[in-house]
Amino acid sequence: SFVAFVEKHKDEDTSLYGQYSPPSFRAVFNDHAADPGWRDFGAVYACPLAAEWVTWKGKSGVQMNQEQFAQFIEDNLPDIAIPPAADMLEISRSLEAKKKVNFASGVRLHNGQNELTYEEEVTGTAQKGKLQVPEEFTIGIPVLEGGLKYAVIARLRYRIGDGGKLAMWYELVRPHKILEDAVAAVWSEIEQRTDLMIFNGKP
């Protein structure tokens, strides 16, 4: 719609401006040219972020207990590409089932998994068990509303606190560069379809 509006109203005095953070584009149809312009006729496209991006970016780095983390993974299962969603569902349900156990330690394995050791009371006796979770997983989500999906790596983190309670979270890898790439794609498309160069910055 922004491109169509620019195409309808552009002339030799039209200028386009863009910025990456926050992502937005502005057209000024009566900009300064050979003579000063009023610069009061324009259009703005403030690139809306996709709901999936807002969800995953918003929870990146936020510690959750086992039950909260398991629920988050299950609620957003369709976004997970690697490992398969069925595997992540099994992990989330295992975490929820073990929410009353005491975790003792964790170790990183050579296969890219983290192995968590826990103790569980079963019929009056303490039994040890092990739970494996991936060191990282990959989600496939759009960054901008209506945009293409990006593969985003999330590194899984955990901490064993007092009393053997487990806190879990994830951290997206370089999300700012992914956002920049998504905005750059829109930038390029607007330039190509309007045949106008976009100036980097605010008008």
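Each remark here, short or long, concerns the structure printed above.
Residues numbered from 1 in each chain as written. Predicted model: local features only at pLDDT ≥ 70, side-chain atom pairs only at ≥ 80, totals over all residues. Heavy atoms only, no water.

Caption draft 1: Examining the side chain of threonine 138 more closely. Within the secondary structure layout, threonine 138 lies in strand S9 (residues 136–142). With residues near it in sequence (within four places) discarded, threonine 138 still touches Asp79, Ile80, Ala81, Ile82, Ala151, Val152 and Ile153. (Helix = DSSP H or I, 4+ residues; strand = E, 2+ residues; numbered from the N terminus. Contact = heavy atoms within 4.5 Å.)

Caption draft 2: Geometry of the sheet that holds strand S1 (residues 15–19). Spatial ordering of the open sheet is given by S3-S2-S1-S12, a layout of four strands whose pairing is mixed. Both outer strands of the open sheet, strand S3 (42–46) and strand S12 (198–200), are each paired with one neighbouring strand and no more. Here the strands of the sheet are splayed against their neighbours by 20° on average, with no regard to which way each runs. Each of S1, strand S2 (24–28) and S3 is contacted by helix H1 (residues 2–9), which is oriented at about 165° to S3, the strand it contacts most. (Pairing = 2+ DSSP bridges. Axes fitted to C-alpha atoms, helices over the stretch in contact; angles between N-to-C directions.)

Caption draft 3: Inspection of the nonpolar core at higher detail. Among the nonpolar cores identified, the biggest contains 51 residues, and Phe25, Trp56, Ile73, Phe137 and Tyr170 are the most heavily contacted of them. Ranked by residue count, the leading element in this core is helix H5 (residues 175–194), at seven residues. The contacts of tryptophan 56, once residues within four sequence positions are left out, are Phe72, Ile73, Asn76, Asp79, Ile80, Phe137, Ile139, Ile141, Tyr170 and Leu172. (Core = buried A, V, L, I, M, F, W, Y, C linked by side-chain atoms within 4.5 Å. Buried < 20%, exposed > 50% of the residue type's maximum accessible area, 1.4 Å probe, protein only.)

Caption draft 4: Highlighting H5. Taking 1.5 Å as the rise per residue, H5 with 20 residues should run 28 Å; its terminal C-alpha atoms sit 29 Å apart, in good agreement. The complete set of buried residues in H5 reads Pro175, Ile178, Leu179, Ala182, Val183, Val186, Trp187, Ile190 and Thr194. Just past H5, the residue aspartate 195 takes up positive phi, approximately 60°. (Expected span 1.5 Å × (residues − 1).)

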